[in-house]
Amino acid sequence: MASAPLEHMAIAPYYWFDGTIAPRKAVTVDPLAHGLHYGSGVFEGIRAYATPRGPAIFRLRDHMVRFQRSADVYGIKIAWDVDEMCAAVVETLVRIELESAYIRPLAFFGEKTFSLSARFVSPTHVLVAYRAMGDYFGAGQEAGIAVTLSPWRKFSSKALPSTAKAAGHYANSVLAMQDAVGRGFDEAIMLNDRGDVAEGTGENIFVVKDGALRTNDRSSDILHGITRASVIELARDRGLSVEVDHLSLDELHDADEVFFTGTAAEVTPLRCLDAHVYPAVKPISTMLRAAYLAAVSGTDPRHGDWVTFAREQTTAHA
Ligand SMILES: Cc1ncc(COP(=O)(O)O)c(C=O)c1O
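Along each chain, residue indices are assigned from 1 in the same order as the chain's sequence is written. Totals for whole chains, interfaces and linings use every residue, but because this is a predicted model, local features are given only for residues with pLDDT of at least 70 and side-chain atom pairs only at 80 or more, for both listing and counting.

1. Some details on helix H4 (residues 170-182)
Thinking step 1. With 13 residues, H4 should reach 18 Å at 1.5 Å per residue; the first-to-last C-alpha distance of 18 Å fits that figure.
Thinking step 2. Every C-beta atom is placed from the backbone, and the number of other C-beta atoms within 10 Å of a residue's own sets its class: buried at 20 or more, exposed at 12 or fewer, partly exposed in between. Each helix is a run of DSSP H or I of at least 4 residues and each strand a run of E of at least 2, with the numbering of both proceeding from the N terminus. Those residues of H4 not exposed but buried are Asn172, Ser173, Ala176, Met177 and Ala180. The buried residues of H4 occupy an angular sector of 115° when projected down its axis, which confines them to one face. Along H4, exposed side chains directed more than 90 degrees from the buried face belong to Ala171, Val174 and Gly182. Multiplying one less than the number of residues by 1.5 Å gives the expected span of a helix. The arc in question is traced by the directions running from the helix axis to the C-beta atoms.

Here it is, written out as structure tokens:
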């Protein structure tokens, strides 16, 4: 098992809340906030990486577009448009002076009602919180993590739209992750209600066989990961074939390599899936992990537009 995931998170002194940068301790939420009771909120997870040019935020606008789309699904009205939210993230990150960060935008229904049609009554609050975050699965994750097939199924998109990153959807992931960690694993893979592979609790999945990649899409009840989309491009840049189709459990067992992608997980290979152990040498996962880490720090010339150098943005607009 990789060690001490998330233990090293430091919390930033300032957050952005409802339009202003405020000391973290001054940000308060009513205990009757609808989002707290029903999970009626949407969120994003974004990373900023330390670079010689200051913190580089990875695919900020793409995250904010997904944030807005998730909010639209639930009728959560965010009073700031995508560009304004990007500017808020940048301005606050510069203010808190973290060189790297995990950035957590969250929009949720506030106080006023317990009615389940809150969109017609409740105010919306919007938060952007910041923490430091190292390797999501702890030291040694690049060598591979221990994964179990979850007894919990991924929810069907006929019940909840998997492409919306909504707070309440994560009850499913909490059950699966707690079961996995309780049994000594680092992560879980959930099948969907048809028995195909869906995803990890916070990651998409790629399979490598004979030098070619396969991953699934929204028809398998996944979140369309921004890391997944990036890795598909990075793989194709390098001449690798990437097929997007359903993934079966047999393919996971038959694969040469399997890896997760996600903002927190980055590109993390599996060491084992329950009793099935993958080869220790993982050339394609290792290559794509390196390619991804180059891209997030702005050193891949083909994808310079994926990163926002926060300090340069604020000086440009000063
Ligand atoms: C359920 C789920 N799937 C996939 C992902 C990967 O998405 P991304 O690469 O945009 O972080 C995440 C993380 O946000 C997630 O929570």
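2. Looking at the site of the ligand
Thinking step 1. Using a C-beta atom placed from the backbone, a residue is described as near a molecule or strand when that atom lies within 6 Å of it. Around the ligand lies a shell of 13 residues, among which Gly225, Ile226, Thr227, Gly262 and Thr263 are the nearest.
Thinking step 2. Going through the elements one at a time, helix H5 (226-237) and strand S14 (257-262) are the ones with two or more residues in the shell around the ligand.
Thinking step 3. With 3 residues, H5 is the largest single contributor of residues to the shell around the ligand.
Thinking step 4. Ten residue types, Ala, Val, Leu, Ile, Met, Phe, Trp, Tyr, Cys and Pro, are classed as nonpolar, four, Asp, Glu, Lys and Arg, as charged, and the remainder, Gly among them, as polar. A breakdown of the residues in the shell around the ligand according to their chemical character gives 2 nonpolar, 8 polar and 3 charged.

3. Some thoughts on the nonpolar core
Thinking step 1. With 79 residues, the main nonpolar core has Ile57, Val89, Leu93 and Ile103 as its most contacted residues.
Thinking step 2. Here this core gets 6 residues from one element, more than from any other, and that element is strand S6 (residues 101-109).
Thinking step 3. Annotation comment: domain bounds sourced from an automatic or database domain assignment. Both domains that furnish three or more residues to this core are identified here as domain 1 (14-131) and domain 2 (141-298).
Thinking step 4. Throughout, a residue-residue contact means that the two C-beta atoms, derived from backbone geometry, are no farther apart than 7 Å. In contact with isoleucine 57, not counting residues within four places along its chain, are Ile46, Ala48, Val89, Val307, Thr308 and Ala310. By convention in this section, buried Ala, Val, Leu, Ile, Met, Phe, Trp, Tyr and Cys residues joined through C-beta atoms within 7 Å make up a nonpolar core.

4. A closer look at the pairing of S14
Thinking step 1. The buried count for S14 comes to 6 of 6 residues, which makes it a mostly enclosed element.
Thinking step 2. When DSSP finds at least two bridges between two strands, those strands are taken to pair. In terms of strand pairing, strand S11 (residues 204-209) meets S14 through 5 bridges, oriented antiparallel. If you follow isoleucine 205 over to S14, its bridge partner there is phenylalanine 260.
Thinking step 3. As paired strands, S14 and strand S15 (residues 266-273) are joined by 4 bridges and run antiparallel to one another. Bridging from a neighbouring strand, phenylalanine 259 pairs with proline 269 of S15.
Thinking step 4. Where S14 folds back onto S15 in an antiparallel hairpin, the turn is made up of 3 residues.

Function-wise, these values are silent; they only describe arrangement.
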